[in-house]
Amino acid sequence: MHSGTIPGGVHANAWTASPSPDCLSSEQTYSGTHTFLRSPRVKQAKAGDFAVLGVPLDIATSNRPGARLGPDAVRCASAQLAELKAYPGGFNPLSYVNVVDLGDAWLDYGFPQTIPAAIEDAATKVVETGAFLCSLGGDHFISYPLLKAHAKVHGQLTLIHFDAHTDTWTPRVGRDGSVELNHGTMFAQAIDDGLIDPAKSSQIGIRTWVDDPKGMNIFDNMVVADKGASAVASMVKALTGDNPCYLTVDIDCLDPAFAPGTGTPVTGGLMPRELLAMLRQLDGLKIVGCDVVEVAPSYDQGGVTALAAATVVYEQACRVARQNGAVAASYPVPRVGNAPD
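Computed from a prediction, not measured in an experiment: that's the story for all the values here.

Calculation notes
Residues numbered from 1 in each chain as written. Predicted model: local features only at pLDDT ≥ 70, side-chain atom pairs only at ≥ 80, totals over all residues. Heavy atoms only, no water. Salt bridge = Lys/Arg side-chain N within 4 Å of Asp/Glu carboxyl O. Helix = DSSP H or I, 4+ residues; strand = E, 2+ residues; numbered from the N terminus. Buried < 20%, exposed > 50% of the residue type's maximum accessible area, 1.4 Å probe, protein only. Pairing = 2+ DSSP bridges. Axes fitted to C-alpha atoms, helices over the stretch in contact; angles between N-to-C directions. Parallel < 35°, antiparallel > 145°, perpendicular 65-115°, else oblique. Contact = heavy atoms within 4.5 Å. Nonpolar A, V, L, I, M, F, W, Y, C, P; charged D, E, K, R; others polar. Phe/Tyr/Trp six-rings, centres within 6.5 Å; stacked < 30°, edge-to-face > 60°. Lys NZ or Arg CZ within 6 Å of the ring centre and 35° of its normal.

### Considering the pattern of salt bridges
This model, assessed by the stated rule, comprises 13 salt bridges. For R75, the salt bridge is made with D104, and the minimal N-O distance between the two is 2.9 Å. Pair noted here: R75 is in helix α1 (residues 70-78) and D104 is in strand β4 (residues 98-104), with a separation of 29 residues, a long-range link. Classification of R75 as buried rests on a relative accessible area of 4%.

Below, the structure is given as structure tokens:
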């Protein structure tokens with residue numbers, strides 16, 4: 001310990017010490033620049049990277065705007081996830097996965113018609129390197145150009161979709177032949193374009209009505225409550241098989257009690273424990289990319305929505321870590337009395 005002068009003329013004693021050995025981050029949780037899990041900011045991804053890209057778009061929302069601020073809120077919330085080893089699992093995912101942050105895609109709001117192509121181009125550059133791309137929304141429309149980028153490399157995709165809404169309403173077409181930017185129609189467009197195979201795709205947590213589900217397999221919120229998270233995850237895996245799949249999580253799949261900071265909340269949603277349990281059971285699937293969308297921090301309370309979204313992304317890093325050799329542990333269940341094993 002040494003005595004020194006803090007800028008501003010205040011005299012105090014200050015520690016010069018290394019971080020705790022249990023701390024995965026070399027910075028204080030509340031300090032530093034915003035990158036996901038304190039990962040390095042890079043200009044280009046490379047093969048094997050777990051690359052995080054922000055897509056700050058919310059001009060396609062049908063209700064409350066604000067999701068353009070979602071990527072930064074998710075990054076801020078992720079700081080505390082870099083403090084300790086993963087739970088469950090007890091390993092440091094950063095020892096098995098090279099997480100990098102690419103910052104945000106640049107979108108020209110003055111020319112909204114250029115935005116889908118800009119997102120697709122930014123994503124394509126990452127996917128073609130062989131990196132795993134995880135995108136932070138932004139409203140859910142961003143999944144459409146992201147699917148186009150992934151389909152270029154991996155072919156037709158199976159969609160695993162957590163949401164309160166199916167997002168398969170019929171898109172409107174303009175006089176010039178252009179398709180609307182709408183966060184509720186893009187999966188119908190993706191099916192029509194052949195980007196995803198609806199017969200193998202799953203939508204989980206749905207609790208709004210659509211007349212034409214476009215052949216998608218819907219595990220609505222009542223099914224999850226009735227059959228349980230484990231059974232639903234098993235059915236999703238059976239439908240997906242060995243096909244390349246894309247994971248998209250709209251944070252409004254959670255009940256507004258757990259995720260108030262979103263543009264189109266719907267009551268009666270999933271609990272975070274259910275969502276995380278299902279995500280953890282997706283090990284073994286060929287997930288080639290993912291996104292987490294619709295975090296609107298201006299409606300959040302205490303950052304709980306951003307934290308939920310950051311945890312979803314963190315779970316994907318942990319999934320890749322297990323894929324790369326991380327061995328998960330768990331707390332032993334104590335035996336009490338004559339309780340069975």
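### Examining the pairing of strand β10 (residues 286-293)
Within β10, seven of the eight residues are buried, which leaves the element mostly enclosed by the surrounding structure. Bridge count between strand β9 (residues 244-250) and β10: seven bridges; the pairing is parallel. Bridge pairing in β10 places V249 opposite V292.

### Describing the packing of α1 against helix α8 (residues 304-323)
In the contact formed by α1 and α8, the axes pass within 8 Å of each other and the chain directions differ by 75°. By the angle between their axes, α1 is roughly perpendicular relative to α8. Here A73, V74, A77 and S78 of α1 come into contact with α8, specifically with A306, L307, A309 and A310. Classifying every residue of the contact of α1 with α8 by side-chain character gives seven nonpolar, one polar and no charged.

### A short note on the environment of V232
Within the secondary structure, V232 sits in helix α6 (residues 229-240). Residue classification places V232 among the buried positions, given a relative accessible area of 1%. With 28 residues separating them along the chain, V232 and I204 place their C-alpha atoms 8.4 Å apart. Beyond its immediate chain neighbours, meaning those up to four positions away, V232 contacts I204, F219, V223, V224, K227 and M278.

### Focus: the packing of aromatic side chains
In the structure shown here, the tally under the stated rule is four aromatic pairs. For R64, the ring lying beneath its charged end belongs to Y299, and the centroid distance is 4.0 Å. Here the guanidinium or amino end of R68 rests over the ring plane of Y109, the centre of that ring lying 4.6 Å away.

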